[in-house]
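Residue-level listing of the chains:
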Amino acid sequence: MNALRLTTALTAAACGISGGVLFAFSTMVMPALRTQTAAAATATMQAINVAAPRSIFMLPLIGSAVGCVAVGLQAVLRSDVPNRPLLLTGAATGLLVMLITAIYHVPRNNAFAILDPSSTGITAAWAAYDPGWTAWNHVRSVAGLVSAGLLLLSRPWVSTAP
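As the structure is a computational prediction, the values presented were derived from the model and not from experiment.

1. Let's talk about the overall build of the protein chain
Right, on to step 1. Of regular secondary structure, the protein chain possesses five helices and zero strands.
Right, on to step 2. Tracing the protein chain from N to C terminus, the helices and strands come up as α-α-α-α-α.
Right, on to step 3. Looking at the protein chain residue by residue over its 162 residues, the buried ones come to 38%.
Right, on to step 4. Considering only contacts within the protein chain whose residues lie at least 6 apart along the sequence, 79% involve residues at least 24 apart.
Right, on to step 5. Total accessible area on the protein chain is roughly 8,300 Å²; 73% of this is exposed by carbon and sulfur atoms.

2. As for helix α3 (residues 58–77)
Right, on to step 1. For α3, built from 20 residues, the straight-helix expectation of 28 Å at 1.5 Å per residue is met to within 8% by its first-to-last C-alpha distance of 28 Å.
Right, on to step 2. What α3 keeps buried is the set M58, P60, L61, S64, A65, G67, C68, V71, G72, Q74 and A75.
Right, on to step 3. On its buried side, α3 packs onto α1 (3–33), α4 (84–113) and α5 (122–154).

3. So, the side chain of S18
Right, on to step 1. Turning to its location among the elements, S18 is positioned in helix α1.
Right, on to step 2. In contact with S18, not counting residues within four places along its chain, are F57, P60, L61 and S64.

4. A word on the packing of aromatic side chains
Here a ring pair, both rings aromatic, is described through the centre-centre distance and the interplanar angle of the planes.
Right, on to step 1. Evaluation of the coordinates by the stated rule reveals six aromatic pairs.
Right, on to step 2. Among the aromatic residues, those joined into a cluster by ring pairs are F25, F112, W126, Y129 and W133.

Cut-offs applied
Residues numbered from 1 in each chain as written. Predicted model: local features only at pLDDT ≥ 70, side-chain atom pairs only at ≥ 80, totals over all residues. Heavy atoms only, no water. Helix = DSSP H or I, 4+ residues; strand = E, 2+ residues; numbered from the N terminus. Buried < 20%, exposed > 50% of the residue type's maximum accessible area, 1.4 Å probe, protein only. Contact = heavy atoms within 4.5 Å. Areas by Shrake-Rupley, 256 points an atom, 1.4 Å probe, with all protein chains shown as cover. Expected span 1.5 Å × (residues − 1). Phe/Tyr/Trp six-rings, centres within 6.5 Å; stacked < 30°, edge-to-face > 60°.

Put into structure tokens, the structure is as follows:
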């Protein structure tokens, strides 16, 4: 298996895992947090935001971004790449996950981390945090899953030779 085949397969897997984890978070964790008081939801989300960057989830999340760069570069630099548009679109879509994470979620989570869950304004703070955070999490979830699908559809492991 050549470098493009291996990189694409591993990147598709990482994108699919990342997208799936983010999808589960949007569809199970966030709705569960909404059943709690704002103080409890805030404290739990703060704990999750401390644990997440230290978890094994970082391997597929960061690995997918690195893989998307590698796949994209190979698709651009090599003239013999089959299904180049699918590879490039899959790589670009996969990079959206990290871009949204870095530009939107990390700064928002950092700002949320300094709030006191027992403060009087926490209900308003949670109400302001949850909808936007969840909506953008849906976007990065879909981006990860779409990226995995596009990379798999590109099928660089299938020979185009007669």
